[in-house]
Every structure is written in C-alpha cells, then in structure tokens.
Amino acid sequence: MRVVCSKAGGDGDVDPDEIIVRVKGDVALIIPPVSTIAQLRKAINAAFTMKQDLTKKLKFNLKNSNFSIEASSPKDAECSSLYDYFEDEATQEIDDLNIPKNDKAKMREKLATQRLIERQMISFQYSDLEDADIPQERELLLNFEKKVELRTKIVVDIIFFVKPTTTLKDFYKNSITFVRQQYDEMKAMMLHFLTVDETKLHLPSVYHFRPKPVWPDFLSIMYPLALSDVELTDYRKSVLEEYNRVYKYTLPTDRPYIRKANRYKFPDEISKLLINPHVGLKRLFTDGQIGLVSGNYAYHHYMQDGIDDNGWGCAYRSLQTIISWFSMQGYIEIEKVPDHKTIQKTLVEVGDKEPSFVGTRKWIGSQEVGYVLNQLYGITSKTMFVSNGKELASKGRELLNHFETNGTPVMIGGGVLAHTILGVDFNEKNGDLAFLILDPHYTGGEDLSIVQKKGWCGWKLPDFWDPHSFYNCCLPQRAETF
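Residues numbered from 1 in each chain as written. Predicted model: local features only at pLDDT ≥ 70, side-chain atom pairs only at ≥ 80, totals over all residues. Heavy atoms only, no water.

S.K.: Is there a simple way to think about the packing of aromatic side chains in this case?
M.R.: A ring pair, where both rings are aromatic, is described by two values, the distance of the centres and the angle of the planes. Scanning the entire structure with this criterion turns up 25 aromatic pairs. Ring geometry for Tyr207 and Tyr223: centres 5.7 Å apart, planes at 50°, overall tilted. Remark: Tyr223 occurs in strand E10 (residues 219-224) and Tyr207 occurs in strand E9 (residues 204-209); sequence separation between them is 16 residues. Each member of the pair, Tyr207 as well as Tyr223, carries the same accessibility label: buried. With a centroid separation of 5.4 Å and an interplanar angle of 75°, the aromatic rings of Trp312 and Tyr316 are classed as edge-to-face. The two residues Trp312 and Tyr316 agree in class, both being buried. Ring pairing ties together the aromatic residues Phe193, Tyr207, Phe209, Tyr223 and Tyr235, which thus form one cluster. Residue placement shows Arg22 over the ring face of Phe266; its charged tip is 4.0 Å from the ring centre. (Phe/Tyr/Trp six-rings, centres within 6.5 Å; stacked < 30°, edge-to-face > 60°. Helix = DSSP H or I, 4+ residues; strand = E, 2+ residues; numbered from the N terminus. Buried < 20%, exposed > 50% of the residue type's maximum accessible area, 1.4 Å probe, protein only. Lys NZ or Arg CZ within 6 Å of the ring centre and 35° of its normal.)

This is how it looks when you write it as structure tokens:
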C-alpha cells in the first residue's frame, strides 16, 4: 500500500501557474481460472504486468475533442496549446454564429486564451476495452472449485499538474509514468485485501481528496469499491500513518478528511444547487471576530425539487442545508437529502408527531430538526432558547464559540419563520454583532448574483430578528470521528 500524492515526488505545495490535468482510463482486468489463493496472487501480478507493458501503446484522447496524443504523435507543442482543441458549448456557440470564419477563429483564440488564464482543468481519456459490455464489478466472489475466469472493468483516475510550457512530449511521458504507478497501487490494494478476506476479490477505486487548509494539493487514495467508510476505518488509519510519515503536512485524526464520502467533487460532479453562496460577501464590521461555517453546504430553499412549500417549508429546507453540510464533509453517506415526507415520517417514528402529520403542510421547528438529525444520522444537537429577538444580541459569544469549535450551520426558528445562521461577526469590546443569514424563503432560481444582491444570503444586524417572538436555535454538533 502506498499513498499517492498528485504531484509525484512533490511535497504538496501548489504552484498557481500550473494546470490541473485529469486522466481517466477504462481498463479490462481479466484473470484466468485458478484453483488456489497462491495461484490467484500470481495471476493478479501477471495481469498487471501485462497492463504495464501495454502502457507504451496508450493513446490519450482529449475529452470532448478530436485531439489525441500517443507515442508516435508530434510532441513539440506546449500544453497551453491544448485549450485550442476544446470542443464544448462555448465553442459551439461561436461556431453557430453567422459571422465570417476569420472572426470565429479570433473568438476561439480569445476563448482559449481566457481558459489558459483561468487554468481550467484539462481532461484526457483512454480505454483498452475490446469488449464494450464488460461491467465494472464492485467485488468478485471466489470459487476455486469452478475455476472460472474473472472479468471486470477497472477505472484509472489520475490527477497531476503541468506547467503551460511543458511540452506534449514530456506530458505524454509523465502520463505514462502516472498510469503505471496507479496500476501498481491497484495491484497492491487488491493483494492486501485478499489477505484480509480470501472469499472475494475486492476491486479498486480511486478517490481524490483536497483537505484544505491542512493539505493544499490533491491527495489520491485507493479504496475497495465495495467497502463502506465504516468498514474501512482501520485501513484509513494505516493510510494516514503512512501519509504522515511521507509528507510534511499532517492530517488530524478527529475529522473525516479521507472518507469516501468526503471525496473531492469536480465541476461536472457538483450539484446544480448553489454551493456556499456566502463566499465573497463583504462583512459589516472591520474589527470584530468572525466565526463561519466550516466547509461546504448546498443552499436549499423554497420551491426546489418540484415541491411547492412556499409558506410552510422553511425549516425543512434549513434542515436539508444542515444535512448537506454533514454529507459534503464526509460525516454521513447519503444519495440525497431527505424530502419533506421523509422528514415527517421520521418525526412520527420518534413519537413527536401523529401519523396524520405525514403529507401535511405543517411547520416544524428547531427541536424537530434536532430529532430528525439524531434519528436518521445519529447527530446530536444543542438547543439555545431566547425569549425574544432582542435577546439574540447577547448570544454573540455563544454562537462564535459554536462556529469556532463545530463549524456547522445553525437552524433558528421564531414565530412562523426559520432561517439558517452561517456565521457571526462579534466584537466583544463594544458588543457589535452581525449574523450571516441564509434565507430558505427564496423562491427563485439558482442565481448567485440575485441571492447575494437581494440579501437572501447576507449579513444582518440584530434588528433583523422580531423583538416580539421567541426563538430556538438548533446547534448540530460535529462528532470527533475519523
């Protein structure tokens, strides 16, 4: 087993001048029939040795483009020229314009230059699949009596960095080196887990992590596809021990930085919902102490998912935002956040509501939010009570401590309204206090400009709260877990 840093031989420091490159490959892994574990080990070694030999003939295809590079290709050009071959919606819009070809060429050149300035990620693909229907198995059950051939697709997934001036010759050479390195990682992982469990062959999958600010670069780790984060706890610890031994950065053991669920999401994998809409907002004070939500979350609000919850679903949406935070930080593994009916059914299960509550348009409050978090995911919460909106002005220190120690979004309910608190700006000397509010009552589209300019996400002073309503806050607690 070996931890793979995305910069081979590097220390994890990122050069802002470099371009991120991602290479993915669909690879056929075929292991002939064997009758013993020892023979299987030899067969696995032989299969990957063959893959290593074939790397000399690999052809890398630029994603969404007709451009490719292989051993016989001219390679004097620089990596910056790869942006000239991009084909996507932006280039298609240019091609569809009713203007002279020279003008189109100039627009394409300007677009490629802008992409170079932004250092947009460059993606390549390759495949050695002769049988397009070969499936990607999660694991293969072993039966030595039947002596069957083992067939599966495995996916190579490499992240590395290049300078714009790197020649395509060096780029191709480095790509081959990294592919060969990942084959070694896959083989090592399969052999390791074959020692742990001789009844099945665990198949590898690559997970990329970017645990800022602890580690400023990508960290790529091989995990068995079929095993959950809980089942991989001991393996992750061994990965972390080697990671801390090899690299100068040290990941703490009380955060789920390298859980599968916390893998890095690339642009084409990110939810269509707005992520972290508070980023870029200007603070109201300059001399206070800021405590903010730590990590990523999705903005859930009225009218999403085809559900018309205008006027009654604000607390449900705040709860969904909180759950998205726990999911995106890797504390829980979920396909999607629970919908309104699931939330209602959960409250019936815990005895808080009658069965007739399911399917209604009735509100829920901060205590119900805490019940659902605990019942569905085992998340504990603290509750803060205030008798009226004015009293919230005295809770600056308590909320600041929450964001410094837990960093989770806070649901606050008062009167008939619910909001999500994402942070506070507190001056202990003069008592100045501002709340960073995410408002679930927004009914528009996922437009960050509108959300910020219209104040649906923004800093609010204490007079934002109703002085005649009492408020309850649900403060979810982040567990110390690995």
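S.K.: I'm lost on the pairing of strand E17 (residues 471-476) in this one. Help?
M.R.: Where a strand is regular, its side chains alternate between the two sheet faces. Burial analysis of E17 places six of its six residues in the buried class, the great majority of the element. Covered by surrounding structure in E17 are Tyr471, Cys473 and Leu475 together with Asn472, Cys474 and Pro476, the residues of both alternating faces. Of the pairings in the sheet, the one linking strand E12 (residues 381-386) to E17 comprises six bridges and is antiparallel in character. Along E17, the bridge assignment pairs Thr383 with Cys474. Judged from the four bridges that link them, strand E13 (residues 410-414) and E17 form a sheet pairing that is antiparallel. From the neighbouring strand, Gly413 faces E17, where its bridge partner is Asn472. (Pairing = 2+ DSSP bridges.)

S.K.: I tried to follow the environment of Asp254 on my own but got confused; where do I start?
M.R.: Following the sequence through the fold, Asp254 ends up in the loop between helix H5 (233-246) and strand E11 (289-292). Residue Asp254 is classed as partly exposed on the basis of its relative accessible area, which comes to 26%. Filtering out sequence-adjacent residues up to four positions away, Asp254 remains in contact with Tyr331, Ala479, Glu480 and Thr481. (Contact = heavy atoms within 4.5 Å.)

Interpretation note: all reported values are geometric properties and have no functional meaning in isolation.
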